[in-house]
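# Fold and geometry: a report
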Amino acid sequence: MKVIVIIPAAGLGTRMAPMPSALRAKTKSKKPHPSKQFTDLAGTPILIHTLRKFAAVDAVTEIWIALRENEIEGFGERLAHEVKSGLKKKVTLVIGGEHRQQSVANALKAIAAAPDDIILVHDAVRPLVTPEIIHDVIEAAKKYGAAIAGLPAVDTVKQVERTAEGAIVKATIPRAGVVLAQTPQGFHYSVIKKGFDEAAADGFTGTDEASLAERSGHAVAVVMGSPRNIKITTPADMELAEFYLRK
């Protein structure tokens, strides 16, 4: 059984403020600022931190990274440096899409997998994922066919209605029934392929891969994530990630 990791990294990260990038000097892109996955975190691009986490897991067979077409050459140069530095996992770059679902779909079309092989999908900008979380998702995906990392909600959750002036609370949702989804999310290849094929046929776009499996009628198990497994979205998240890396 293979474990294949897909990292969708074609997003622009518009909520991130401009920060230095190790790729800027290597690419001919006319974009004024780097995509957030290439932003330096403690001197290394976020995406490289994320890649290293999965490359260090023995169970992982291969890694696919979906990038914007004009960023593939520059990242390929950095990837070659990682290989020289000891990266031993097979890493393949594929052209991503305009949104996450299309990027993952492009990778799924390119990979060769058996129905019961495990596909892991992980956010490019969650560089603090632990080997334990990766292992737990793999094992749960093997057992149940679909699994995600998640955290129980600790804050009170309100359902609201958006208005021109802001928002109005419509209901309070019991915390006991709420989980905050993280990645990686893992699936048997047959499960994720079916979910993506049905979504494409219906023109449906989900919020994550698990939502497509759910829509396809497959139950999704949850394993415990971590408060440190943050998704870097804003400059404040960068500060927190740097703090965690120093500890």
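That block above? That's the structure.
Let us look at the structure shown here. Think of each chain on its own: its residues are numbered from 1, step by step along the sequence as written. Selection of residues for local features in this predicted model requires a pLDDT of at least 70, selection of side-chain atom pairs for listing and counting requires 80 or more, and totals for whole chains, interfaces and linings are taken over all residues. Side-chain descriptors were evaluated using all non-hydrogen atoms of the structure, hydrogens and water having been removed beforehand.

### Considering the sheet that holds strand β4 (residues 62-67)
Each strand in a sheet pairs with another by means of backbone hydrogen bonds, the pair being arranged parallel or else antiparallel. Definition in use: Paired strands are those between which DSSP finds at least two bridges. Secondary structure elements are taken from DSSP: a helix is a run of H or I of four residues or more, a strand is a run of E of two residues or more, and numbering for both begins at the N terminus. Comment: axis = line fitted to C-alpha atoms, over the contacting stretch for helices; angle = value between 0 and 180 degrees taken between N-to-C directions.
Spatially, β5-β4-β1-β6-β10-β7-β11 is the arrangement adopted by the seven strands of the open sheet, whose pairing is mixed. Taken across any chain shown, the strands that pair with only one partner, and hence form the sheet edges, are β5 (90-95) and β11 (221-224). Within this sheet the neighbouring strands show an average axis-to-axis angle of 25°, counted without direction. Direction of pairing for β4 relative to β5: parallel, over a ladder of six bridges. The residue bridging Ala 66 from the neighbouring strand is Val 94, located in β5.

### Digging into the packing of aromatic side chains
Aromatic ring pairs are defined here through the distance separating the ring centres and the angle between the ring planes. As a reminder of what qualifies: Classification of ring pairs rests on two measures: the distance between centres of Phe, Tyr or Trp rings, Trp counted by its six-membered ring, which must be within 6.5 Å, and the angle between planes, read as stacked under 30 degrees, edge-to-face over 60 and tilted in between. For the exposure calls, accessible area comes from a 1.4 Å probe over protein chains only, and a residue counts as buried if that area is under 20% of its type's maximum, exposed if over 50%, partly exposed in between.
Tallying each qualifying case throughout the model produces two aromatic pairs. On the basis of an interplanar angle of 40° and a centroid distance of 6.1 Å, the ring pair of Phe 38 and Phe 75 is categorised as tilted. Within this pair, whereas Phe 38 is found in the loop between β1 (3-8) and β2 (40-41), its partner Phe 75 is found in helix α2 (residues 72-84), the two being separated by 37 residues in sequence. When sorted by exposure, Phe 38 lands in the same class as Phe 75, which is buried. The interplanar angle of 50° and the centroid separation of 5.9 Å between the aromatic rings of Phe 243 and Tyr 244 together place this pair among those described as tilted. When its relative accessible area of 18% is taken as the criterion, Tyr 244 is described as buried.

All we've got here are geometric facts, nothing functional implied.
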